[in-house]
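Listed below are the residues making up each chain.
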Amino acid sequence: MTATLPGLPDRVEIYEVGPRDGLQNESAVVPVEDKAELVQRLIAAGLGTVELTSFVPARWVPQLADAEQLLALLGPLPGRHPVLVPNDRGLDRALAAGVREIAVFASATETFARRNLNRTVAASLEMFVPVVGRARAEGLAVRGYVSMCFGDPWEGAVPPAQVADVAVRLVEMGCTEISLGDTTGVGTPGQVAELLMLLARRRVPVDMLAVHFHDTYGQALANTLLALQRGVTTVDASAGGLGGCPYAVSATGNLATEDLVWLLHGLGIDTGVDLPALVATSVWMAEQLGRPSPSRTLAALAPRPEKDC
Ligand code: MG
């Protein structure tokens, strides 16, 4: 059953972050062959954009220390397949692996910038300038993540102007897409509307924006619907709700792709995703990780053993 609402797009691009943002934040280290199978199954389920991994030093993120092996195992793939790159050395590795799109990860708050990047916000943005410039000169698309857009566990509420300053700087240095991250999942739709309005006033085109919500307080789908009504057409999500944020104790994690697909298809919005194939993939991944998925839609649709009544 579908029923549409006025003012919504006909199609939404789901930017799947499970293999990178998801697995980076799982305590288990998944074998590279299973990561490759996850990516291949996500693509087969119709996800056209899958962020694959991160070219960070292995000591920072041991879960993703196999970036080169993963890309070699996968070979050429249809669709968009960005990788996270923290610095010049990461870009060298990504280019050598044949990557055509990268992402850099900025913070809207000083405390998270210091904890995650060991730099001030300004210094981390300066570090990205040559990386983004060289990537663009090589013809790569570059996504700029802005984390902690609505709240920060150390600093509390984050002023929208602080977020907009970082987003504008990422656009100025050449980023082609900006992903607004509610890293701790505290945001509510009024805050999303306020930030999107401010970004429009600061002349950041809405078609450059993506939203990245976490479902910590159950607000991710409400926030997504608001963003769609305001013209956003790219939404980040993680298959089976993989991952979370290791620095935010209460963060239960990324919006599950299955929950997003249920909302979008219910609204008659095309995603290209085959939901049963996606559910089967996330059920398989949860088995590999040895823990259940937090996705409500997955719980509703996953096959379960017959119960004695
Ligand atoms: Mg996330």
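Bear in mind that the values here come from a model prediction, so they are computed numbers and not experimental data.

**Student:** Help me understand helix α11 (residues 275–289), please; the structure alone is not making it clear to me.
**Tutor:** An α-helical turn contains 3.6 residues, so a residue and the one three or four places further along point in the same direction. A rise of 1.5 Å per residue sets the reference length of α11, with its 15 residues, at 21 Å; its end C-alpha atoms lie 21 Å apart and thus fit the reference within 8%. Within the span of α11, buried status applies to Leu 275, Leu 278, Val 279, Thr 281, Ser 282, Trp 284, Met 285, Ala 286 and Leu 289. Those residues of α11 that are buried are in contact with α1 (18–24), α2 (32–44), α10 (257–266) and α12 (296–301).

**Student:** Can you help me understand α10 in this one?
**Tutor:** With 7 of 10 residues buried, α10 is to be regarded as a mostly interior element. In this structure, the buried residues of α10 make contact with β1 (13–16), α9 (220–229), β10 (234–237), α11 and α12. Taken from the residues just after α10, Gly 268 is the one with a positive phi, measuring 75 degrees.

**Student:** How do you make sense of the packing of α2 against helix α3 (residues 67–74) when you look at a structure like this?
**Tutor:** Two packed helices can be described by the angle between their axes and the distance between those axes. Where α2 contacts α3, the two axes come as close as 9 Å, and the packing angle between them is 50 degrees. Regarding the angle of α2 to α3, the classification is oblique. For α2 against α3, the interelement crossing comes out right-handed. Of α3, the residues touching α2 (which contributes Val 32, Glu 33, Lys 35, Ala 36, Val 39 and Gln 40) are Gln 69, Leu 70, Leu 73 and Leu 74. Looking at the contact of α2 with α3 residue by residue, the class counts come to 6 nonpolar, 2 polar and 2 charged.

**Student:** Would you mind going over the side chain of Glu 51 with me for this structure?
**Tutor:** One can find Glu 51 in the loop between β2 (49–50) and α3. In terms of polar contacts, Glu 51 uses its side chain to reach the side chain of Tyr 145, at 2.7 Å.

**Student:** Sorry, what's going on with the sheet that holds β10 here?
**Tutor:** Spatially, the 8 strands line up as an open sheet ordered β2-β1-β10-β9-β8-β5-β4-β3, and their pairing is parallel. On the outer flanks of this sheet lie β2 and β3 (83–84), each paired with one strand and no other. Pairing of strand β9 (residues 209–213) with β10, which is carried by 2 bridges, proceeds in the parallel orientation. Among the inter-strand pairings, Ala 210 is bridged to a residue of β10, identified as Thr 234.

**Student:** So what exactly am I meant to see when it comes to the packing of helix α4 (residues 88–96) against helix α6 (residues 121–137) here?
**Tutor:** Packing of α4 against α6 leaves a shortest axis separation of 9 Å and a crossing angle of 20 degrees. Taken as axis vectors, α4 and α6 run roughly parallel relative to one another. The hand of the α4/α6 crossing is right-handed. Residues Asp 88, Leu 91, Asp 92 and Leu 95 of α4 form the contact with α6, whose own contacting residues are Val 131, Arg 134 and Ala 135. When its residues are assigned to classes, the contact of α4 with α6 shows 4 nonpolar, no polar and 3 charged.

**Student:** Got a minute to help me understand the packing of aromatic side chains in this structure?
**Tutor:** Two aromatic rings, taken as a pair, are described by how far apart their centres are and by the angle between their planes. This structure, assessed with the given rule, holds 4 aromatic pairs. Taken together, a centroid distance of 6.4 Å and an interplanar angle of 65 degrees make the contact between Phe 105 and Phe 112 edge-to-face. Across the pair, exposure class does not vary: Phe 105 and Phe 112 are buried alike. Taken together, Phe 105, Phe 112, Tyr 145 and Trp 154 form an aromatic cluster joined through their ring pairs. The ring of Tyr 15 carries the charged tip of Arg 143 above its face, separated from the ring centre by 3.3 Å.

**Student:** Is there a simple way to explain the environment of Ser 107 in this structure?
**Tutor:** One can find Ser 107 in strand β4 (residues 101–107). On the basis of relative accessible area, Ser 107 is assigned to the buried category, the value being 1%. Between the alpha carbons of Ser 107 and Asp 236 there is a distance of 17 Å; along the sequence they are 129 residues apart. If sequence neighbours within four positions are ignored, Ser 107 has contacts with Phe 112, Ala 113, Val 121, Ser 147 and Val 166.

The rules behind the values
Residues numbered from 1 in each chain as written. Predicted model: local features only at pLDDT ≥ 70, side-chain atom pairs only at ≥ 80, totals over all residues. Heavy atoms only, no water. Helix = DSSP H or I, 4+ residues; strand = E, 2+ residues; numbered from the N terminus. Expected span 1.5 Å × (residues − 1). Buried < 20%, exposed > 50% of the residue type's maximum accessible area, 1.4 Å probe, protein only. Contact = heavy atoms within 4.5 Å. Axes fitted to C-alpha atoms, helices over the stretch in contact; angles between N-to-C directions. Parallel < 35°, antiparallel > 145°, perpendicular 65-115°, else oblique. Left-handed = near helix turned anticlockwise from the far one by under 90°. Nonpolar A, V, L, I, M, F, W, Y, C, P; charged D, E, K, R; others polar. Polar contact = N/O pair within 3.5 Å; in protein donor to acceptor, adjacent residues only side chain to side chain. Pairing = 2+ DSSP bridges. Phe/Tyr/Trp six-rings, centres within 6.5 Å; stacked < 30°, edge-to-face > 60°. Lys NZ or Arg CZ within 6 Å of the ring centre and 35° of its normal.

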